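Architecture at a glance
For reference, the chains in residue letters:
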Amino acid sequence: MQKVNLAIQVLPFSSAEDKYTIIDKAIALIAESGLKHVVCPFETVVEGTYEEVMNLVEDIKHSCLLAGADDLIINLKLHAKKEGDALIDDKLEKYS
């Protein structure tokens, strides 16, 4: 199965809980998924099959709403290739 990159930005809206606590829960879920990922200031980039990353988005949505988000916006950017894998390392190689 081909790998894709998915950039995930979680924007929780909540009157009760600190928004960064909810974002931290989303990042913890990503880390627990076992998928390769890079945490950035505005989003986290995840590498996996399309099915893996989309299942992760569903888990993030569910967990953030349970964690206290009244409303939730999840912005996604998907990179997929016709042939071969879309890899995080390929994007960052020249900056290492």
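All of the points below concern the structure found in this document. (Residues numbered from 1 in each chain as written. Predicted model: local features only at pLDDT ≥ 70, side-chain atom pairs only at ≥ 80, totals over all residues. Heavy atoms only, no water.)

**Examining the packing of helix α1 (residues 19–32) against helix α2 (residues 50–66)**
Test applied: Fitting a line to C-alpha atoms yields each axis, with helices limited to the stretch in contact; the angle taken between N-to-C directions then spans 0 to 180 degrees. For the purposes of this entry, the term helix denotes a DSSP run of H or I that reaches at least four residues, the term strand denotes a run of E that reaches at least two, and both are numbered from the N terminus. A crossing counts as left-handed when the near helix is turned anticlockwise from the far one by less than a right angle, and as right-handed when that turn is clockwise. By definition, residues are in contact when any of their heavy atoms lie within 4.5 Å.
Where α1 contacts α2, the axes come no closer than 10 Å and their chain directions differ by 150 degrees. Crossing of α1 over α2 shows right-handed handedness. Together, Ile 22, Ala 26, Leu 29 and Ile 30 of α1 and Leu 56, Asp 59, Ile 60, Ser 63 and Cys 64 of α2 make up the contact between the two elements.

**Digging into the pattern of salt bridges**
Where we set the bar: Only one rule defines a salt bridge in this text: a Lys or Arg side-chain nitrogen within 4 Å of an Asp or Glu carboxyl oxygen. Here the term buried applies to any residue with accessible area under 20% of the maximum for its type, exposed to any over 50%, and partly exposed to those in between, with areas from a 1.4 Å probe on protein chains only.
Evaluated as defined, the whole model comprises three salt bridges. Note that Lys 36 and Asp 89 form a salt bridge whose closest N and O atoms lie 2.9 Å from each other. Of this pair, Lys 36 sits in strand β2 (residues 36–39) while Asp 89 sits in helix α3 (residues 88–92), placing them 53 residues apart in sequence. Lys 36 gets classed as partly exposed once you look at its relative accessible area, which sits at 35%. Linking Glu 43 and Lys 77 is a salt bridge whose minimum nitrogen-to-oxygen distance equals 3.3 Å. Taken as a pair, Glu 43 in the loop between β2 and β3 (44–49) and Lys 77 in strand β4 (residues 71–79) lie far apart in primary sequence, 34 residues in all.

**Here's the deal with the side chain of Ser 14**
To keep it simple, the criterion reads: Under the rule applied, a polar contact is a pair of N or O atoms within 3.5 Å (in protein, one hydrogen donor and one hydrogen acceptor; residues adjacent in sequence only if both atoms are side-chain atoms).
Assignment of secondary structure puts Ser 14 in the loop between β1 (3–13) and α1. Of the polar contacts made by the side chain of Ser 14, one reaches the backbone oxygen of Gly 68; its length is 2.8 Å. What Ser 14 contacts, discounting residues up to four positions off in sequence, is Lys 19, Ile 22, Gly 68, Ala 69 and Asp 70.

Function cannot be inferred from these measures alone, as they are strictly geometric.
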